[in-house]
Each structure stands twice: as structure tokens, then as C-alpha cells.
Amino acid sequence: MTYAAITGWGKCLPPATLTNDDLATFLETDDEWITSRTGMKERRISHVTVSELAYVACARALAAAGKTAEDVDLIVFGSTTFDELCPNAASNVQRLLGAKNAACMDVSTACTGGMYSLSVATSMIKSGVVKSALVIGAETISPIMDWENRDVAVLFGDGSAALYLEQSDEESGVITEALGCYGESRDILSVEGWGMKYANKGRVLGQTNWAFLGQEIFKKAVAGMAQACDKALAKAELSAEQITSVVPHQANLRIIDTLVKRLKMDKEKVFVNIHKYGNMSAATTLVAFVEAIEESFIAKDSYVLLPAFGGGLTWSAHVVKWGNRNHALATTDVKLPECDKSGLELVTDIINAKKSVTN
Ligand code: ACO
């Protein structure tokens, strides 16, 4: 049988940090509310485009796999904040990397974007369409955030991660997954102004209103991820006890805790980094996975469960068989350009730019 082994991994978080106290300087909120309701302490704000973040994460993933850009057959880019819709964002990453042999596609499923992209790339490798792929989860939410809305502005951050996959005969990579969507509830997490139906309607691009039923999303997130985990584990013929580590989407620490209780799993098995980055939408689960690998949270030759949930309302869970290597084969000098602003300064620039075009 053919598998799609994960042999390279990399992440790229923009350096500027926006803390809960920073948010409290322009929103009626405080560190205690945000920490107790979400588990978040700070998030990153990008000074570059989402394609640039993705490019650096990909360069790091390729180095970790000991591969060059020319080895890549396919680039799958999961995001909801693509720089452009045409040409697609994956083609920009191809150009930046010099991955001239790669086919390129974008995948849009909101917070599950990185994980749906992992399914697309794995399936194309398993079916023999390609032999290798870069999978990206990357997001720059900050330019389109409604920074006046405390219900949502405190929840999100920017970031990116990438995995390198290659064909293998050994059981490795995604073993099973379950994907689904609560389309009938799609309106409980929607962003007015973010898409083509708003074109030529007198609206400024980037001016958004987030329609967000937090408590309803919370319940659907737990239900969707729980059923996805049950299905993926059943397909793999594995019990929850056989899972060594769980790396969930990080939208809210209380969602993670509720899910883990529902799955009857040991909390010690769960990787959490929400306090550092908040919810980075399509980047979240892959950034957490890459960080879990880097910190040796993922044991060699073990099974990992990756549940995720996002707008749509899309849900997913992947069972990954991890290999016997969690050290990078090499590193790269590729990095982001310097950033001379703080997170608060970058957000203030966005708020002022929006005011100047709407006045
Ligand atoms: N600071 C202070 N007060 C706030 C803030 C804030 N940042 N945001 C909302 N509030 C207030 C509201 O105005 C409301 O006040 P009121 O009671 O006077 O009307 C009150 O806090 C709301 O409190 P709760 O409803 O108890 O808040 P809750 O515990 O449900 O937490 C949250 C809200 C964090 C959004 C939660 O519902 C949640 O995490 N939901 C799901 C996650 C989510 O939506 N993530 C977004 C991404 S989607 C995804 O990744 C799947």
C-alpha cells in the first residue's frame, strides 16, 4: 500500500506580538476576561502578506525534509485570507520558492483549511497523481479584522505552517480522516463584506462586520470535532487509548477541554499553544502540529489525533501515524524581512487606514 509520509515541517510566525493588555488600550476588554474565557494571552500580527509567511514556512519544511524546491510536485495552500483570488496564492509560493515542477491549488474551508489541504495532498500522493507535496496552513486575519468589535477582535492572530509529504511504502502520515460540514448552520459564523457578493456595492474592501454566535459555535465545534474523531478512530480501528497525542484546533481553551472530556482522553496527551498565538484560522492546527513535533511532544512511531473546526461550519479529524524521526535534516537561512513595529503599532496602522478610506 502507498502512504504519504510527513518528512518535513516548518512554521513562520510574524515577530510582532499583540497582548491582551494591548487590546485593552483600544477595546473595552481586559486580560482577565480574555484569559478566563479563551485561554489566550497574546497573538501575532503580520507585517508581510500571507504568501510571504507561507513561503518561509515552506522553505523550513523543505529543509527539514532535506529536499529542494524542485522536488515538489504539488503545493496545496489552505487559507481564507489569500492575497489575491486570481492568480491563486499557491502559485505565488511556487514562484518565491522556485518550485517550478509543482502544480498549485488553494483550498478554502476557514479554520480547517490546513487540515483539508493535508487530506487533498495525501489523497493525491496515495492515488499516484503526484509523488510529493507541500501542504500549507497560513492566515493574515489582522488586515480584515473588525478591530472595533471586542467579541471577535480578541480571538484571532496571524501565522503559518507547512508540511512536506512524500510517497512511502511504510505505514506513515495520514492513516484515516473524517471530514464534514454543518452547512445549515453556516450563518452563525459569517463575515459580511468578505467576498465577491459585496463587489460593486459601495463597500470598501477589508471593511467587515463579523456575525458571530459564539456560544452556538462553541457547541457545534465540540459536536463536530467529537464526531469527526469518533469516525476517524473507527476507520483506523484504533481506540482513544491508542492515541499518544492530540493536537487540536486552538479556538478556545474551553472548547479543547470540553472536547477532551467528551473523548474521555487524558489531558496530558493534549498539545496546547493557544496562549501564544490565539486562533490563526487555517494556520492553527498545523502550527500546533509543527510545534508539537519540534518540542518532541509527538513520540516516535506513535498515533496522533488532529481535530479541527471552522467556518462553514466545516469539521475534521485526522489520525496520523508518526514516523521515527522528529529532528529536522537541515535548516535554512530563509526568513522574513525585519519588522520595526510592535503589534499594537501595526494594528493602529490598520485601524487608521480603514478610517481614512471610509471618511
Ligand atoms: N471583553 C470583555 N467582555 C466581552 C468581550 C471581551 N473581549 N467579548 C464579549 N464580551 C462580553 C459580551 O458583550 C457579553 O456581555 P453581556 O453579557 O453584558 O451581553 C459577555 O461578554 C459574553 O459573555 P459570554 O457569552 O458568557 O461569553 P462566552 O463565555 O460565551 O465566551 C466566546 C465568548 C469566547 C466567543 C466563546 O463563546 C467562544 O469561544 N465561542 C466559540 C469560539 C469561536 O467562536 N471562535 C472563533 C473562531 S471560529 C473557530 O475557530 C471555529
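Description of the structure in this document. All figures in this text were calculated on a predicted structure; none of them were measured in a lab.

Reading guide: rules and limits
Residues numbered from 1 in each chain as written. Predicted model: local features only at pLDDT ≥ 70, side-chain atom pairs only at ≥ 80, totals over all residues. Heavy atoms only, no water. Helix = DSSP H or I, 4+ residues; strand = E, 2+ residues; numbered from the N terminus. Contact = heavy atoms within 4.5 Å. Near = heavy atom within 4 Å. Polar contact = N/O pair within 3.5 Å; in protein donor to acceptor, adjacent residues only side chain to side chain. Nonpolar A, V, L, I, M, F, W, Y, C, P; charged D, E, K, R; others polar. Buried < 20%, exposed > 50% of the residue type's maximum accessible area, 1.4 Å probe, protein only. Pairing = 2+ DSSP bridges. Core = buried A, V, L, I, M, F, W, Y, C linked by side-chain atoms within 4.5 Å. Salt bridge = Lys/Arg side-chain N within 4 Å of Asp/Glu carboxyl O. Expected span 1.5 Å × (residues − 1). Phe/Tyr/Trp six-rings, centres within 6.5 Å; stacked < 30°, edge-to-face > 60°.

Turning to the side chain of Ser 119, a few remarks are in order. Note on placement: Ser 119 falls in helix 5 (residues 113-126). With near-sequence residues (within four places) excluded, Ser 119 lies in contact with Glu 177, Leu 179 and His 318.

Once that is clear, we can look at the site of the ligand. Thr 29, Arg 37, Gln 215, Asn 252 and Asn 279 are the nearest of the 25 residues found near the ligand. Here His 249 contributes a side-chain N or O atom positioned 3.0 Å from an oxygen atom of the ligand. Top element by residues in the shell around the ligand is helix 7 (residues 214-236). It accounts for 4 residues. Grouping the amino acids of the shell around the ligand by side-chain chemistry returns 12 nonpolar, 8 polar and 5 charged.

Glancing now at the pairing of strand 1 (residues 3-12). Most of strand 1 is tucked away: 10 of the 10 residues are buried. In this structure, strand 1 lies alongside strand 7 (residues 159-168), joined through 9 bridges in antiparallel fashion. For Lys 11, the partnering residue across the bridge sits in strand 7 and is Ala 161.

What follows is about the side chain of Ser 185. Relative to the elements of secondary structure, Ser 185 occurs in the loop between strand 8 (173-181) and strand 9 (189-192). Ignoring sequence-local partners within four residues, the contact set of Ser 185 consists of Lys 220 and Leu 313.

For the rest of this paragraph, the subject is the nonpolar core. Ranked by internal contacts, the top residues of the largest apolar core, which has 38 residues, are Leu 163, Leu 165, Val 247, Phe 289 and Trp 322. Put simply, the parts of the chain that give this core at least two residues each are strand 1, strand 4 (74-78), helix 5, strand 6 (132-139), strand 7, helix 10 (284-294) and strand 12 (303-310). Element by element, the count of residues in this core is highest for helix 10, at 7 residues. Discounting chain neighbours no more than four positions away, the residues touching Leu 163 are Ile 6, Gly 8, Trp 9, Ala 61, Leu 118, Ala 133, Leu 134, Val 135, Leu 286, Phe 289 and Val 290. Ile 188, Met 225, Ile 255 and Ile 256 belong to the second largest nonpolar core, which has 32 residues in total.

Right, let's talk about the pattern of salt bridges for a bit. Inspection of the entire model under this criterion finds 13 salt bridges. Here Glu 291 makes a salt bridge to Lys 11, at a shortest N to O gap of 3.6 Å. Here Glu 291 is found in helix 10, whereas its partner Lys 11 is found in strand 1, with 280 residues between them in sequence. Look at Lys 11 and you get buried, because its relative accessible area is 18%. Lys 67 is paired through a salt bridge with Glu 166; the nearest N and O atoms lie 3.5 Å apart. Here Lys 67 is found in the loop between helix 3 (50-65) and strand 4, whereas its partner Glu 166 is found in strand 7, with 99 residues between them in sequence. Owing to a relative accessible area of 29%, Lys 67 belongs among the partly exposed residues under this scheme. Through salt bridges with shared partners, a single network forms among Lys 11, Lys 276, Glu 291 and Glu 294.

Here we come to helix 3. With 16 residues, helix 3 ought to run about 22 Å at 1.5 Å a step, and its terminal C-alpha atoms sit 23 Å apart, in line with that. Most of helix 3 is tucked away, with 13 of its 16 residues classed as buried. Gly 66 sits one or two residues past helix 3 and shows a positive phi near 70°.

Take the packing of aromatic side chains next. Scanning the entire structure with this criterion turns up 10 aromatic pairs. Measuring from ring centre to ring centre gives 6.2 Å for Phe 26 and Trp 147, while their planes differ by 65°; the resulting arrangement is edge-to-face. Of this pair, Phe 26 sits in the loop between helix 1 (20-23) and helix 2 (31-38) while Trp 147 sits in the loop between strand 6 and helix 6 (150-153), and the two are 121 residues apart along the sequence. For Trp 147, a relative accessible area of 6% puts it in the buried group. Plain terms: the ring middles of Phe 289 and Trp 322 are 5.8 Å apart, the flat faces sit at 80° to each other, and that makes the pair edge-to-face.

Before going further, it helps to spend a moment on the pairing of strand 13 (residues 314-321). Across the 8 residues of strand 13, 8 count as buried, placing the element largely inside the fold. A two-sided burial pattern is seen for strand 13, the buried positions comprising Thr 314, Ser 316, His 318 and Val 320 on one face and Trp 315, Ala 317, Val 319 and Lys 321 on the other. In the sheet, strand 8 pairs with strand 13 via 8 bridges, with the strands oriented antiparallel. Looking across to strand 13, one finds that Cys 181 is bridged to Thr 314. Turn length for the strand 12-strand 13 hairpin, with the two strands adjacent in sequence and antiparallel, is 3 residues, and the turn residue Gly 312 shows positive phi of about 135°.

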